[in-house]
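# Report on the structure
Letter by letter, the chains look like this.
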Amino acid sequence: MLKQLETLEKEAIQEIEQAESLKVLNDLRVKYLGKKGPMTEIMKQMGKLSNEEKPLVGAKANEVRTEISTKIKYKQEGLEEAALMKQLESESIDVTLPGTKIPTGTTHLLTQVIDELTDMFVGMGYRIAEGPEVELDYYNFEALNLPKGHPARDMQDSFYITENTLLRTQTSPVQARTMENHDFKNGPIKIICPGKVYRRDNDDATHSHQFTQIEGLVVGENITFADLKGTLTVLAKHMFGEDREIRLRPSFFPFTEPSVEMDISCFACGGEGCRTCKGTGWIEILGSGLVHPRVLEMSGIDSSKYSGFAFGLGPERVAMLKYGVDDIRHLYTNDLRFSKQFIAKEMGER
Ligand code: DAH
């Protein structure tokens, strides 16, 4: 019987060691230690043994039982750990894998042009100024030397809200608002004002009932036409290339005297004449002039002491010229196929 027990122990240990799953191991537990197993069988036969043999076989049987259950316990721990490792491995995250790209969008072409221009002026010490889009007739027209009934008001067909309020037709009212509140103890006025404006126009390839403008205004002591010319030259070169030249043509705006329109030498042909410049070699960019003394006075500024210049330009026109956009509506209809062609350089491909 001792022999039998030893063989049983050997067999059991071998099978336990080979068990590859917890299920198999459990079956082995039942097989060797269960009620119907060989151990129970041997115990049953103990009664037939002599009194000398009984304790020996009993001790051996206990030893074998303990040995088998210990082995099963170790094996179980081993299998459980292996299963855990396998699970951890399968669930591990490779942090070096490239992530899924989330489309974040980019600035619109118009915003890019506006940012480029305002950034340049901020770099020259200008402050960004803002004003309301629902504006008083007073600031939009009267304070800019366009009294009620003035024929030049017809140049800017307006959306009136009440008799005295309208959607501003230009960013120039910000000039009047700024001058009215300025204290020259804080230095000269140097502002750049980007913003939306509205006109009662029928939308077509070159007209939009809403568009944007950028206004510039400098007022201080001894500000002259030479300052204006220098500033506009810097603007033209910055936006359209270092070898641009500018040309100033006499014009009329009620709030400037003298008034000029600035042309730049054509960036497409260099001035020889082509489709972009309609054969003239020059492209009209903006309106400007020296602030009319009456406009200064209306805002409470002493025109015998202070003088200034102003200019106003359309970012749509700049964008269309610079990037060959043939219809202003492309800038407002938000077709992604259009917008995506002008992903801001600093943002890269998305
Ligand atoms: N406000 C003018 C317009 O909408 C543009 C303009 C012209 C603005 C001359 C100015 C200026 O400040 O000096 O047509």
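Residues numbered from 1 in each chain as written. Predicted model: local features only at pLDDT ≥ 70, side-chain atom pairs only at ≥ 80, totals over all residues. Heavy atoms only, no water.

Quick look at the overall build of the chain now. Each helix and strand counted, the chain has 11 helices and nine strands in total. Taking 2.2 N^0.38 as the reference for a compact globule, 350 residues should give roughly 20 Å; the C-alpha atoms of the chain span a radius of gyration of 45 Å, well beyond that estimate. Accessible surface computed for the chain: about 20,300 Å², of which carbon and sulfur atoms make up 52%. Considering the chain, the positive charge centre built from 43 side chains and the negative charge centre built from 53 side chains are found 7 Å apart. (Helix = DSSP H or I, 4+ residues; strand = E, 2+ residues; numbered from the N terminus. Rg over C-alpha atoms; globule rule 2.2 N^0.38 Å. Areas by Shrake-Rupley, 256 points an atom, 1.4 Å probe, with all protein chains shown as cover. Lys, Arg positive; Asp, Glu negative; His and termini not counted. Charge placed at Lys NZ, Arg CZ, Asp CG, Glu CD.)

On to the sheet that holds strand β1 (residues 127–128). Strands sit in the order β1-β4-β5-β9-β8-β7-β6 across an open sheet of seven strands; the sheet is mixed. Bordering the open sheet on either side are β1 and β6 (246–253), each of which pairs with just one other strand. For strand β5 (residues 210–220) and strand β9 (residues 307–313), the ladder comprises seven bridges, and the chain directions are antiparallel. Within β9, the residue paired with Leu217 across the bridge is Ala310. Running at roughly 155 degrees to strand β8 (residues 282–291), helix α10 (residues 315–323) makes contact with β5, β8 and β9 of the sheet. (Pairing = 2+ DSSP bridges. Contact = heavy atoms within 4.5 Å. Axes fitted to C-alpha atoms, helices over the stretch in contact; angles between N-to-C directions.)

Taken together, the side chains of Leu84, Met85 and Leu88 define a hydrophobic patch exposed on the protein surface, amounting to about 290 Å² of accessible area. Within the fold, Met85 resides in helix α4 (residues 53–91). (Patch = residues over 30% accessible without salt bridge, like charges linked within 9 Å, V, L, I, M, F, W, Y side chains within 5 Å. Salt bridge = Lys/Arg side-chain N within 4 Å of Asp/Glu carboxyl O.)

The subject of this paragraph is α10. When α10 is considered as a whole, its buried residues turn out to be Pro315, Glu316, Val318, Ala319, Met320 and Leu321. If you follow the buried residues of α10, they end up packed against α5 (109–123), β5, α8 (225–240), β8 and β9. Immediately beyond the C-terminal end of α10, within one or two residues, lies Gly324, with a positive phi of roughly 65 degrees. (Buried < 20%, exposed > 50% of the residue type's maximum accessible area, 1.4 Å probe, protein only.)

Attention now moves to helix α1 (residues 2–18). Given a rise of 1.5 Å per residue, 17 residues ought to cover 24 Å, and the 25 Å separating the end C-alpha atoms of α1 matches this to within 8%. Within the span of α1, buried status applies to Leu5, Leu8, Glu9, Ala12, Ile13 and Ile16. All buried residues of α1 lie within an arc of 130 degrees about the axis, which places them on one face of the element. For α1, the exposed residues set more than 90 degrees away from the buried face come down to Lys3, Lys10 and Gln18. On the buried face of α1, the contacting elements are α2 (22–33), α3 (38–45) and α4. (Expected span 1.5 Å × (residues − 1). Arc of directions from axis to C-beta.)

Turning our attention to the site of the ligand. In the region of the ligand, 16 residues are neighbours, and Gln170, Gln175, Arg199, Gln213 and Glu215 sit closest. At a separation of 2.7 Å, a nitrogen atom of the ligand approaches a polar side-chain atom of Gln170. Gln175 is positioned with one of its side-chain polar atoms (N or O) 3.0 Å from an oxygen atom of the ligand. In isolation the ligand offers 350 Å² of accessible surface; the protein chains occlude 91% of this area. Contributing elements (two or more residues each) for the shell around the ligand: β5, β8 and β9. The residue makeup of the shell around the ligand, split by class, is four nonpolar, 10 polar and two charged. (Near = heavy atom within 4 Å. Polar contact = N/O pair within 3.5 Å; in protein donor to acceptor, adjacent residues only side chain to side chain. Nonpolar A, V, L, I, M, F, W, Y, C, P; charged D, E, K, R; others polar.)

Function cannot be inferred from these measures alone, as they are strictly geometric.
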